[in-house]
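Architecture at a glance
Listed below are the residues making up each chain.
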Amino acid sequence: MPPALKQLPPALKQPHPTLKQRPSGSTAAASDAQITEWALAACDGDTEALERFVRATRADVCRFVACLGADAQGAEDLTQETYLRTLTALPRFAGRSCARTWVLSIACRVVADRYRAAAARPRFADGPNWRTEAERSQPGGLPGFDEGVALLDLLSSLDAPRRQAFVLTQVLGMPYADAADAAGCPIGTVRSRVARARAVMTSLLNAAESPVCPG
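Described in the following lines is the structure provided in the data block. (Residues numbered from 1 in each chain as written. Predicted model: local features only at pLDDT ≥ 70, side-chain atom pairs only at ≥ 80, totals over all residues. Heavy atoms only, no water.)

All chains considered together, the criterion is met by 1 aromatic pair. Directly above the aromatic system of Tyr176 lies the positively charged group of Arg191, at a separation of 4.6 Å from the ring centroid. (Phe/Tyr/Trp six-rings, centres within 6.5 Å; stacked < 30°, edge-to-face > 60°. Lys NZ or Arg CZ within 6 Å of the ring centre and 35° of its normal.)

Below, the structure written as structure tokens:
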């Protein structure tokens, strides 16, 4: 294993970004080609390239796993697991796809594995306050949505495939072709899922804005 891959880079020790935060600095403006170059250099043991690669992709990974339903601590755990798997797989990365897309595809598998593991465990009573706690963890006042309507509330109404497609394309801004690569499905499937997600979320917003008739 190259020396760069023996331990997690310092970038993973920083606090994870929230949905409202955007990456800053030179890595925020890094092109997909540059990110891929850093990943390839990291394969050869370049520790600085590894640090740059992680900094350039970490915010998107955090936002992605958070939008799929993880709370702050859960998002951090899923992000760490994503990069543990990424660093293990990095020596085999050949640059045939964008490294940003590649690491998000790993995040997809990490989230899917976590859900499968949770589903396999015996389930007990969820407790009376689960909804209150969930609401406390969700951000409000997000751009593009009416005040008091949180994006995560809307996303929670979608099934997992549609939520994933919507987050990749509409939250992270990935091209549909890249989102299809990350999700491991045809581009037409991603387009269909995003269209259906938009329809569901628009319907919910319209319902929330409709006046309630007195009984």
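Mapped onto the elements, Thr82 comes out in helix H3 (residues 72–89). Here Leu78 takes part through its backbone oxygen, which lies 2.8 Å from a polar atom of the side chain of Thr82. (Helix = DSSP H or I, 4+ residues; strand = E, 2+ residues; numbered from the N terminus. Polar contact = N/O pair within 3.5 Å; in protein donor to acceptor, adjacent residues only side chain to side chain.)

Another aspect to go through is helix H8 (residues 176–183). When we look at burial in H8, the residues that qualify are Asp178, Ala179, Ala180 and Ala182. After H8 finishes, the residue Gly184 shows a positive phi value of roughly 70°. (Buried < 20%, exposed > 50% of the residue type's maximum accessible area, 1.4 Å probe, protein only.)

Attention shifts here to the pattern of salt bridges. Inspection of every chain in the model, using the stated rule, returns 7 salt bridges. With its nearest N and O atoms 3.5 Å apart, the salt bridge here joins Arg52 to Glu48. Of the two residues, Arg52 and Glu48 both sit in helix H2 (residues 47–67), 4 residues apart, roughly one turn of that helix. Residue Arg85 is joined to Glu81 by a salt bridge in which the shortest nitrogen-to-oxygen separation is 2.9 Å. With Arg85 and Glu81 both in helix H3, this residue pair falls 4 residues apart, about one helical turn. For Glu81, a relative accessible area of 27% translates into the label partly exposed. Each of Glu81, Arg85 and Asp113 takes part in salt bridges that share partners, so that together they form one network. (Salt bridge = Lys/Arg side-chain N within 4 Å of Asp/Glu carboxyl O.)

So, on to the side chain of Thr57. As for its placement among the helices and strands, Thr57 is situated in helix H2. The exposure class of Thr57 is buried, given its relative accessible area of 1%. Polar contacts involving the side chain of Thr57 include one to the side chain of Tyr83, which spans 2.6 Å. Among residues more than four places away in sequence, those in contact with Thr57 are Ile35, Tyr83, Arg100 and Val103. (Contact = heavy atoms within 4.5 Å.)

Within the fold, Ala39 resides in helix H1 (residues 32–43). In this structure Ala39 comes out as buried when scored by relative accessible area, which is 0%. Ala39 sits 48 residues away from Leu87 along the chain, and the two C-alpha atoms are 9.8 Å apart. In this view, Ala39 contacts Phe53, Leu90, Phe93 and Ala99; residues no more than four positions away in its chain are not counted.

Another point: the packing of H2 against helix H7 (residues 160–171). Taken N-terminus to C-terminus, the directions of H2 and H7 make an angle of 145°; their axes are 10 Å apart at the nearest point. Crossing hand, H2 versus H7: right-handed. In this structure, H2 contributes Arg63, Phe64 and Cys67 to the contact, and H7 contributes Arg163, Gln164, Val167, Leu168 and Val171. Here the contact of H2 with H7 is composed, by residue class, of 5 nonpolar, 1 polar and 2 charged. (Axes fitted to C-alpha atoms, helices over the stretch in contact; angles between N-to-C directions. Left-handed = near helix turned anticlockwise from the far one by under 90°. Nonpolar A, V, L, I, M, F, W, Y, C, P; charged D, E, K, R; others polar.)

All right, on to the nonpolar core then. Membership of the largest hydrophobic core comes to 52 residues, with the highest contact counts inside it found for Phe53, Phe64, Leu90, Leu104, Val167, Leu168 and Leu172. Counting residues per element, the ones that place at least two in this core are H1, H2, H3, helix H4 (99–120), helix H6 (151–155), H7, H8 and helix H9 (187–209). Among the elements that line this core, the one with the most residues is H2, at 10 residues. Apart from residues lying up to four places away in sequence, Leu172 is in contact with Asp60, Arg63, Phe64, Arg100, Leu104 and Val167. (Core = buried A, V, L, I, M, F, W, Y, C linked by side-chain atoms within 4.5 Å.)

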